Amino acid sequence: MRDFEVHPVDEHVGVVGGFSIGAPATGTVAENLIAAGAEVLCIVGGCGTLQRSIEPTDAVIADRAIRDEGVSYHYLPPEANAEPSPELTDRLEARFDDSEVTAHRGTTWTTSAFYRETVDEIEQYASNGVVSVEMEAAALFAVAEYRGVDAAAVFDIGDLLTAEEWDPGVEYENVQPKLLDPAIDAIHDHLGVLVDGS
């Protein structure tokens, strides 16, 4: 489909990867998938955490995205929240409760400037309980809401940002592959599909 492939998991779910990072790429891929008939979208991506209590081997499930990028403003009014589908997010959380990966549900901060998270912003968002910073969730949620499809997002931890330090996470274990099965199971649950008799 256009410049990327959908790799089928089964007749109901497919995976798209390698399409770059950030809100514009995510918004474009989401639009193309929806135009091709997708009814449910879920990011399995990477983020930085703003909370020391979140371990590098944990995951973050976004239940709201702070809109500090540009794409969402082409889909939603400036004052609107960028939020995932509540039912799909609940199903995602339930699947992670039964998985080997500990997941933390909370607000994420979506930015388009990878190296421009300022100390003041980090302090403010961390003190307000924001759990992560990434580059895609707000765009996905806005496109999905505008187009009338369901969306959710789960992220692995790539680094730690605090007002005092940046831990770039070069020695962190890559747990992103462990996020895929619970996400696929949540989509199946959401679609009401029974897979392998489960």
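All figures in this text were calculated on a predicted structure; none of them were measured in a lab.

Definitions and limits used
Residue indices follow the written sequence of each chain, beginning from 1 at its first position. In view of the model being predicted, local features appear only for residues whose pLDDT reaches at least 70, and side-chain atom pairs are presented and counted only at 80 or more, with totals across whole chains, interfaces and linings using the full set of residues. Excluding hydrogens and water, the side-chain figures rest on all heavy atoms present in the structure. Burial classes: relative accessible area under 20% of the type maximum marks a residue as buried, over 50% as exposed, and values in between as partly exposed (1.4 Å probe, protein chains only). Each helix is a run of DSSP H or I of at least 4 residues and each strand a run of E of at least 2, with the numbering of both proceeding from the N terminus. Two strands are said to pair when DSSP picks up at least two bridges between them. Stacked, tilted and edge-to-face are the three classes applied to pairs of Phe, Tyr and Trp rings, where Trp contributes its six-membered ring and a pair requires centres within 6.5 Å; stacked means planes under 30 degrees apart, edge-to-face means over 60, and tilted covers the rest. Geometrically, a charge over a ring is one whose NZ (Lys) or CZ (Arg) sits within 6 Å of the ring centre while staying within 35 degrees of the ring normal. Here, nonpolar core refers to any group of buried Ala, Val, Leu, Ile, Met, Phe, Trp, Tyr and Cys residues whose side-chain atoms link them within 4.5 Å. Here a residue-residue contact requires only that any non-hydrogen atoms of the pair lie within 4.5 Å. Here the axes come from fitting lines to C-alpha atoms, over the contacting stretch only for helices, and the angles between their N-to-C directions go from 0 to 180 degrees. Each angle is binned into one of four classes, with values under 35 degrees roughly parallel, values over 145 roughly antiparallel, values of 65 to 115 roughly perpendicular, and all other values oblique. Crossing handedness is defined as follows: a turn of the near helix away from the far one that is anticlockwise and smaller than a right angle gives a left-handed crossing, while the clockwise case is right-handed. Note on residue categories: nonpolar means Ala, Val, Leu, Ile, Met, Phe, Trp, Tyr, Cys or Pro, charged means Asp, Glu, Lys or Arg, and polar means any other residue, Gly included. For salt bridges, the criterion is a side-chain nitrogen of Lys or Arg within 4 Å of an Asp or Glu carboxyl oxygen.

Novice: Can you lay out the pairing of strand β4 (residues 59-68) for me, pointing to particular residues and giving the numbers?
Specialist: Burial analysis of β4 places 7 of its 10 residues in the buried class, the great majority of the element. Sheet topology note: the β4/strand β5 (residues 103-111) ladder contains 9 bridges and is parallel. Within β5, the position partnered with Asp68 by the bridge is Thr111. Pairing of β4 with strand β7 (residues 150-161) involves 3 bridges; the strand directions are antiparallel. By the bridge assignment, Ala59 is partnered in β7 with Asp156.

Novice: Can you explain the packing of aromatic side chains? Please cite residues and give values.
Specialist: Between two aromatic rings, the relevant description is the distance of the centres plus the angle of the planes. Inspection of the entire model under this criterion finds 3 aromatic pairs. Here the aromatic rings of Tyr75 and Tyr146 are separated by 5.5 Å at their centres, their planes lie at 80 degrees, and the arrangement is edge-to-face. One end of the pair, Tyr75, is in the loop between β4 and α2 (86-97); the other, Tyr146, is in helix α4 (residues 137-147), with 71 residues separating them in the sequence. Residue classification places Tyr146 among the partly exposed residues on the basis of a relative accessible area of 48%. Aromatic pair Phe114 and Tyr115: ring centres 4.7 Å apart, planes at 75 degrees, arrangement edge-to-face. For Phe114, a relative accessible area of 44% translates into the label partly exposed. Across the ring face of Tyr73, the terminal group of Arg67 is positioned such that the distance to the ring centre comes to 4.1 Å.

Novice: How would you sum up the nonpolar core? Please name residues and give values.
Specialist: If you look at the biggest cluster of nonpolar residues, it comprises 32 residues, and the most contacted ones within it are Leu41, Leu140, Phe141 and Phe155. Elements with a minimum of two residues in this core: α1 (23-35), β3 (40-49), β4, α4 and β7. It is α4 that provides the largest number of residues to this core, a total of 8 residues. Excluding residues that lie within four positions of it along the chain, Leu140 makes contacts with Thr26, Ala30, Leu41, Ile43, Ala151 and Ala152. Of all hydrophobic cores here, the second largest spans 15 residues; its members include Leu88, Leu92, Val154 and Ala183.

Novice: A description of the packing of α2 against helix α5 (residues 176-191) should follow, citing residues and the corresponding values.
Specialist: Where α2 contacts α5, the axes come no closer than 8 Å and their chain directions differ by 135 degrees. Relative to α5, the element α2 lies oblique. By crossing handedness, the relation of α2 to α5 is classed as right-handed. Facing Glu87, Leu88, Arg91, Leu92, Arg95 and Phe96 of α2, the residues of α5 in contact are Leu179, Pro182, Ala183, Asp185, Ala186, Asp189 and His190. Its residues placed into classes, the contact of α2 with α5 shows 7 nonpolar, 1 polar and 5 charged.

Novice: Describe the pattern of salt bridges, listing the residues and the values that go with them.
Specialist: Summed over all chains, the structure comprises 10 salt bridges. Through salt bridges that share partners, Asp63, Asp90, Glu93 and Arg105 make up one connected network.

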